[in-house]
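One letter stands for each residue in the lines below.
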Amino acid sequence: MPELPEVETVRMGLLPVMEGKRIEQAAVNRPDLRWPFPPRMAERLTGAQVMRLRRRSKYILADLSTEETLLIHLGMSGRMLISGAQLGQFHHHHPAPAKHDHVVLDMEGGARVTFNDARRFGAMDLLPTATAESHPLLAVIGPEPLGNDFHEAHLAARLKGRGTPIKSALLDQHNVAGLGNIYVCEVLFRVQVSPLRLARDVKPREVARLVPIIRDVLSEAIAAGGSSLRDYRQADGELGYFQHTFRVYDREGEACVTPGCKSLIARTVQSGRSSFHCPTCQR
């Protein structure tokens, strides 16, 4: 499932063709994805101007001139695809509709934004903008890891006394928004903390290192366009490239990249997810 860097990369790709532009025509080609679409969704979107395109955790939020916000979740295979826009100039050429093109937005200027989702685990909803943050999907999410509200004191308080593994604590969206399996594995390697260590046993100096390293890993991944694994693509259809710099994730049995370390990367299953780590470097 796309994590924060992938979702942020998609948002950035959509910005030039959506923010400040009017949705000239919206088409909804099925009644639901993971959940039913809201009533009259196509009608409510048609004619609305996208005032702001933002991200909250793994959700893209389009604040509309109608005082509603379009919430988008990509799920496992969802893609936001752009056609009719190239190098800043709009061209009125769009591919033929595909089987899994579930929502199509024809934007002012000629660009088309298509939500394609083969597995239909994605979601869209329309929320009142004024109360969007209280939506059940958003209300319980912790601070953004790249924002000012995410800091050492916050993380230390959330980890204190917790008997769950540190990896599980970092994946918990109540503690910090948007982190997923890939980037938590990479962060813990850089901090040299085992994913199996209990959260309450992480030392204060390690907590202090976690915050800037989380920021570094996410920023590097965003700059690389995310990690293209399985279904993920950027909004322009291009692949992300951060997977080429993985230090532990998906490298089971390969040599640790730490100079002088002779260990091989190990894989352990935690709560049904693969954790990759170096048994020597990470304690």
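Residues numbered from 1 in each chain as written. Predicted model: local features only at pLDDT ≥ 70, side-chain atom pairs only at ≥ 80, totals over all residues. Heavy atoms only, no water.

*Asks:* Any chance you could explain the packing of aromatic side chains here in plain terms?
*Replies:* Describing an aromatic ring pair means giving the distance of the ring centres and the angle of the ring planes. In total, this model carries 2 aromatic pairs according to the counting rule given. An angle of 80 degrees between the planes, with centres 5.4 Å apart, marks the rings of Phe-246 and Tyr-249 as edge-to-face. Across the pair, exposure class does not vary: Phe-246 and Tyr-249 are buried alike. Ring geometry for Tyr-249 against Phe-276: centres 5.1 Å apart, planes inclined by 70 degrees, an arrangement best described as edge-to-face. Residue Tyr-249 is found in the loop between α6 (204–223) and β11 (266–270), and its partner Phe-276 is found in strand β12 (residues 273–277); the two are separated by 27 residues along the sequence. The residues Tyr-249 and Phe-276 share a single accessibility class, namely buried. Site record: aromatic cluster; members linked through ring pairs are Phe-246, Tyr-249 and Phe-276. (Phe/Tyr/Trp six-rings, centres within 6.5 Å; stacked < 30°, edge-to-face > 60°. Buried < 20%, exposed > 50% of the residue type's maximum accessible area, 1.4 Å probe, protein only. Helix = DSSP H or I, 4+ residues; strand = E, 2+ residues; numbered from the N terminus.)

*Asks:* Explanation requested: the sheet that holds strand β9 (residues 112–117) in the structure shown.
*Replies:* Strand pairing within a sheet occurs via backbone hydrogen bonds; the two strands may be parallel or antiparallel. Reading across from one edge, β1-β8-β9-β5 is the order of the 4 strands in this open sheet, with antiparallel pairing throughout. Where the open sheet ends on each side, the last strands, each with one partner, are β1 (23–28) and β5 (78–83). On average, each strand axis in the sheet is inclined to that of its neighbour by 15 degrees, with strand direction left out of account. Judged from the 6 bridges that link them, β5 and β9 form a sheet pairing that is antiparallel. Considered in β9, the bridge of Leu-81 is made with Thr-114. Most of the contacts of helix α1 (residues 4–18) go to β5, to which it runs at about 35 degrees, and overall it touches β5, β8 (101–107) and β9. (Pairing = 2+ DSSP bridges. Axes fitted to C-alpha atoms, helices over the stretch in contact; angles between N-to-C directions. Contact = heavy atoms within 4.5 Å.)

*Asks:* Could you clarify how one ought to interpret α6 in this entry?
*Replies:* An α-helix turns once per 3.6 residues; consequently, residues spaced three or four apart project the same way. In this model α6 runs 29 Å from its N-terminal to its C-terminal C-alpha over 20 residues, within 8% of the 28 Å that 1.5 Å per residue would give. Taken together, the buried positions of α6 are occupied by Glu-206, Val-207, Leu-210, Val-211, Ile-213, Ile-214, Val-217, Leu-218, Ala-221 and Ile-222. On the buried face of α6, the contacting elements are α1, α3 (152–159), α4 (166–171) and α5 (181–191). One or two positions beyond α6, positive phi appears at Gly-225, with a value near 80 degrees. (Expected span 1.5 Å × (residues − 1).)

Honestly, that's just the spatial picture; any functional story needs more than this.
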